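# Analysis of the macromolecular model
Listed below, chain by chain, are the residues.
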Amino acid sequence: MALRIPKAELPTELKEEMIKRFGATAEPVEATWHNPEVSLASSEFGGKVGAWQAADEGLKSYAHMAVAAQVGCGWCLDIGYFHAQNQDLDLAKASQVPRWRESEVFTPLERDVLEYAEAMTNTPPTVTDELYAGLLDRLGPSAMVELTAYIAYVNLATRNNVAHGVESQGFSTACEIPLAVRPGNTGVASTA
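First, a word on what this report is: a plain description of the structure on this page. This is a predicted model, so every value here is computed, not measured.

Attention now moves to the overall build of the protein chain. Each helix and strand in the protein chain was counted, giving nine helices and zero strands. Ordered by position in the sequence, the α and β elements of the protein chain form the string α-α-α-α-α-α-α-α-α. Relative to its length of 192 residues, the protein chain is compact, with a C-alpha radius of gyration of 16 Å against a globular reference of 16 Å. C-alpha atoms of the protein chain, sized along the principal axes, occupy 50 × 30 × 30 Å. Counting over 192 residues, the protein chain shows a buried share of 46%. Considering only contacts in the protein chain between residues 6 or more positions apart, those separated by 24 or more positions represent 68%.

Attention shifts here to the pattern of salt bridges. Using the criterion set out here, one finds eight salt bridges in the structure. A salt bridge links K93 to E110; its shortest N-O distance comes to 3.0 Å. Of this pair, K93 sits in helix α6 (residues 91-94) while E110 sits in helix α7 (residues 108-121), and the two are 17 residues apart along the sequence. Across the pair, E110 and K93 agree in class, each one buried. A salt bridge links D112 to R138; the shortest N-O distance between them is 2.3 Å. Within this pair, whereas D112 is found in helix α7, its partner R138 is found in helix α8 (residues 129-139), the two being separated by 26 residues in sequence. According to the relative accessible area criterion, D112 is partly exposed, its value standing at 22%. Taking relative accessible area as the criterion, R138 reaches 39% and is therefore assigned partly exposed. Here the residues in one salt-bridge network are K7, E27 and E30, joined through shared partners.

Among the nonpolar cores identified, the biggest contains 50 residues, and M18, V29, W75, V97, L114, Y116 and I151 are the most heavily contacted of them. Residue assignment for this core shows that the elements contributing at least two residues are α1 (12-22), α2 (27-32), α4 (57-71), α5 (74-86), α6, α7, α8 and α9 (141-164). Of the residues forming this core, the biggest block, nine residues, is contributed by α4.

Further remarks concern the packing of α4 against α5. In the contact formed by α4 and α5, the axes pass within 8 Å of each other and the chain directions differ by 160°. The pairing of α4 with α5 is recorded here as roughly antiparallel in orientation. Once α4 is placed against α5, the crossing between them reads as left-handed. From α4, H64, M65, A68 and A69 reach across to α5, where they touch C76, L77, G80 and Y81. Residues that form the contact of α4 with α5 fall into these classes: six nonpolar, two polar and no charged.

Parameters and conventions
- Residues numbered from 1 in each chain as written.
- Predicted model: local features only at pLDDT ≥ 70, side-chain atom pairs only at ≥ 80, totals over all residues.
- Heavy atoms only, no water.
- Helix = DSSP H or I, 4+ residues; strand = E, 2+ residues; numbered from the N terminus.
- Rg over C-alpha atoms; globule rule 2.2 N^0.38 Å.
- Buried < 20%, exposed > 50% of the residue type's maximum accessible area, 1.4 Å probe, protein only.
- Contact = heavy atoms within 4.5 Å.
- Salt bridge = Lys/Arg side-chain N within 4 Å of Asp/Glu carboxyl O.
- Core = buried A, V, L, I, M, F, W, Y, C linked by side-chain atoms within 4.5 Å.
- Axes fitted to C-alpha atoms, helices over the stretch in contact; angles between N-to-C directions.
- Parallel < 35°, antiparallel > 145°, perpendicular 65-115°, else oblique.
- Left-handed = near helix turned anticlockwise from the far one by under 90°.
- Nonpolar A, V, L, I, M, F, W, Y, C, P; charged D, E, K, R; others polar.

So, in structure tokens, the structure goes:
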């Protein structure tokens, strides 16, 4: 699949900032910059979401990658794995998120967070009282509210990218271990 909308011309300062931060301009911004108000609001909200600190960063990273794998957002998987490296997460573990059900590297809490992310992503959502209560008990109310809002935001971002045809830009190629492919989805975790 190719980008479904032509890349918008970005302001020079924005281009330079992204190149400094990621080594390239981010295709999701190039796609949405046709409406700078929408693009900026999404980026600003994403920045605020990223600054929340009640929930563990590793759990949120794994949740983001689980949503991306389920929705089919190769760009989000790619950048999520790149961020996992920058957060000093276990890259062997992070690489297994697309196939977490088959992998044995995740703790029971991590597995429940991954299941919760997928349950929130299902249409309609399939979150059970038991799953929610178990996470609430272990995370506490503040972190649970944050994790839920974080997963909801990630659903917005991943679905936006997939609808625009945004694909992986290869950010994860700087990482040591390649991403696993989600069972039943050939190529979703591709970083090429």
